[in-house]
Amino acid sequence: MVQPDDFLFADVEKVNQIPIVRTVLEVICRSTGMGFAAVARVTEDRWIACCVQDEIGFGLKPGEELEIGTTICNEIRDSGQAVVIDHVDENDFYSGHPTPRMYGFKSYISLPIKLKSGEFFGTLCAIDPKPNQLQNPRVIGMFHLFAELLAFHLDSLSLMERTRTAMHDLAAQLLVSDDENRQYRHISSHNLQEPLRKLRVFSDMLVNATDRYEAEKAKELAVKIRSSAKQFSMMIKDLSDFSGLNNSNAFTHVHLDHVLADVTTQLMSQIERRNIVVEADRLPSLMAIPEQMEQLFFQLLDNAVKFAGHENPPRIRITSRELELHEIDDLLPEPLQMAYVEIRVEDNGIGIEDSQLEKVFDIFARLPTGSFRQGEGVGLAYCRKIVRNHKGVIKAEVNPGKGTTFVIMLPLPH
């Protein structure tokens, strides 16, 4: 029986969403005298019954499978042509074929269901243990009409699904845009005002010191002005880099084990200086933007290195597991029928408070973390934007005084 986590489950469900499919199978049986009719999803190595009309006790139920090699559907997929047999014993080609003997039928008809794209979806077929007159224009024409009708409905469902996905993506983009606009407004009103205020104050003081010929004071103020200007320039660069972080780059196969190894090498001097123990599970491969995956893991590991505890020894633990569909659906704006991986990056540092869970992902977030107060930065904001670019979810789990865990959920390849 095909299961919900099977990648073909959605195709089987599509057939069952077509209101007329059962009527079509009933009409086929009534008008041809065939005792079993079915719509099947057929791939190179799978034959799955999507919907059946069984009046002869054949015993195959929707969702169940036949070994593809025991059917005639490979020939139909390869040729793109119908197979019609009135009487197996009188058919020059199929009289010695193993399939009729295995399944006990004498008459057989099967037509390919081809989607608008030209893709072979499966077959519309019927069998019966007794001979039937199928080689006539009326029967073959009816099967062609029904196969085209099913293909039309399948294409319509796919179009509706793509439309829903596009609307979901647009809604997600609007939510992200609203969130980023909120942050930009806050930055404009607060974060950027601080270095500008210092520039104005120090500039006024420099003018006064110059008027009084206070050379040493003027030098001191000039240094402060240069420092404030540098801070302002770095913030503008960070904002520019952040706004340019999108998902327009090419997705490709990325081995996260390799990414983690590269990032660990980049941070090795800090890791060794603090005697941090880094433990990591085997990580999966994804379809992703390589540069963004490297930046994501660099920011997460760099953050963990900064906040790893001072107990003996400080530790960073990276774990990975595949999620069940129900574990991710509640976290997504709309359920997506795909597998996800959960990656957890855990340190044993001081941790943060529950009230700060969302703030850690804001641009230039300042967090009250005692002696670990780091000032301003965009590292975790980068992480959230990268994860969103990959249709994923990131969140923080905290246990104040015992460390912080960042949880990333990303889709796995189909």
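Just so you know, these numbers come straight off a predicted model, no measurement behind them.

Colleague: I'd like a rundown of the overall build of the chain, residues and numbers included.
Modeller: A count of helices and strands for the chain gives 12 helices and 13 strands. Among the 414 residues that make up the chain, the fraction classed as buried is 44%. Across the chain, every contact between residues at least 6 apart in sequence was considered, and the portion connecting residues at least 24 apart equals 68%. Accessible area for the chain stands at about 21,900 Å²; split by element, carbon and sulfur atoms hold 53% of it.

Colleague: Mind laying out the packing of helix α10 (residues 290-307) against helix α12 (residues 379-389), listing which residues take part and the relevant values?
Modeller: The interhelical angle for the contact between α10 and α12, taken along N-to-C directions, is 145 degrees, at an axis separation of 9 Å. Helix-helix and strand crossings are classified by hand; for α10 and α12 the assignment is left-handed. Mapping the contact onto sequence places Gln292, Met293, Gln295, Leu296, Gln299, Leu300 and Asn303 in α10 and Gly379, Leu380, Tyr382, Cys383, Ile386, Val387 and Asn389 in α12. Residue classes in the contact of α10 with α12 are distributed as 8 nonpolar, 6 polar and no charged.

Colleague: Got a sec to walk through helix α8 (residues 256-266)? Specific residues and values, please.
Modeller: The complete set of buried residues in α8 reads Leu256, Val259, Leu260, Val263 and Thr264. Along the long axis of α8, the arc covered by the buried residues comes to 130 degrees, so they all point the same way. Along α8, exposed side chains directed more than 90 degrees from the buried face belong to His258 and Thr265.

Colleague: Kindly report on the packing of aromatic side chains, identifying the contributing residues and their values.
Modeller: A full pass over the atoms with the stated rule returns 4 aromatic pairs. Judged by centre distance (5.9 Å) and plane angle (55 degrees), the rings of Phe58 and Tyr103 are tilted. On the criterion of sequence distance, the pair formed by Phe58 in the loop between β2 (47-54) and β3 (65-66) and Tyr103 in helix α4 (residues 98-103) is long-range, its members being 45 residues apart. For Phe58, a relative accessible area of 24% translates into the label partly exposed. Between Phe105 and Tyr108, the aromatic rings sit 5.2 Å apart at their centres with planes inclined by 25 degrees, giving stacked as the arrangement. Owing to a relative accessible area of 5%, Phe105 belongs among the buried residues under this scheme. With a relative accessible area of 6%, Tyr108 lands in the buried category. Put simply, the rings of Phe36, Phe58 and Tyr103 touch in pairs and so form one group of aromatic residues. Positioned over the ring face of Phe121 is Arg41, at 4.8 Å from the centre of the ring.

Colleague: Requested: an account of the nonpolar core, with residues and values cited.
Modeller: Membership of the largest hydrophobic core comes to 45 residues, with the highest contact counts inside it found for Met293, Leu296, Phe297 and Leu300. The element contributing the most residues to this core is α10, with 7 residues. Contacts of Leu296, omitting those with residues within four sequence positions, involve Cys383, Ile386, Val387 and Ile408.

Colleague: Got a sec to walk through the pattern of salt bridges? Specific residues and values, please.
Modeller: All chains considered together, the criterion is met by 16 salt bridges. In this structure, the salt-bridge partner of Arg30 is Glu55, at a minimum N-O distance of 2.5 Å. Taken together, the positions of Arg30 in helix α2 (residues 21-32) and Glu55 in the loop between β2 and β3 put the pair 25 residues apart, joining distant regions of the chain. With its nearest N and O atoms 2.9 Å apart, the salt bridge here joins Asp89 to Lys106. Of this pair, Asp89 sits in the loop between β4 (83-85) and α4 while Lys106 sits in the loop between α4 and β5 (107-114), and the two are 17 residues apart along the sequence. A relative accessible area of 28% means that Lys106 is categorised as partly exposed. The network of salt bridges with common partners includes Arg321, Glu342, Arg344, Lys395 and Glu397.

Calculation criteria
Residues numbered from 1 in each chain as written. Predicted model: local features only at pLDDT ≥ 70, side-chain atom pairs only at ≥ 80, totals over all residues. Heavy atoms only, no water. Helix = DSSP H or I, 4+ residues; strand = E, 2+ residues; numbered from the N terminus. Buried < 20%, exposed > 50% of the residue type's maximum accessible area, 1.4 Å probe, protein only. Contact = heavy atoms within 4.5 Å. Areas by Shrake-Rupley, 256 points an atom, 1.4 Å probe, with all protein chains shown as cover. Axes fitted to C-alpha atoms, helices over the stretch in contact; angles between N-to-C directions. Left-handed = near helix turned anticlockwise from the far one by under 90°. Nonpolar A, V, L, I, M, F, W, Y, C, P; charged D, E, K, R; others polar. Arc of directions from axis to C-beta. Phe/Tyr/Trp six-rings, centres within 6.5 Å; stacked < 30°, edge-to-face > 60°. Lys NZ or Arg CZ within 6 Å of the ring centre and 35° of its normal. Core = buried A, V, L, I, M, F, W, Y, C linked by side-chain atoms within 4.5 Å. Salt bridge = Lys/Arg side-chain N within 4 Å of Asp/Glu carboxyl O.

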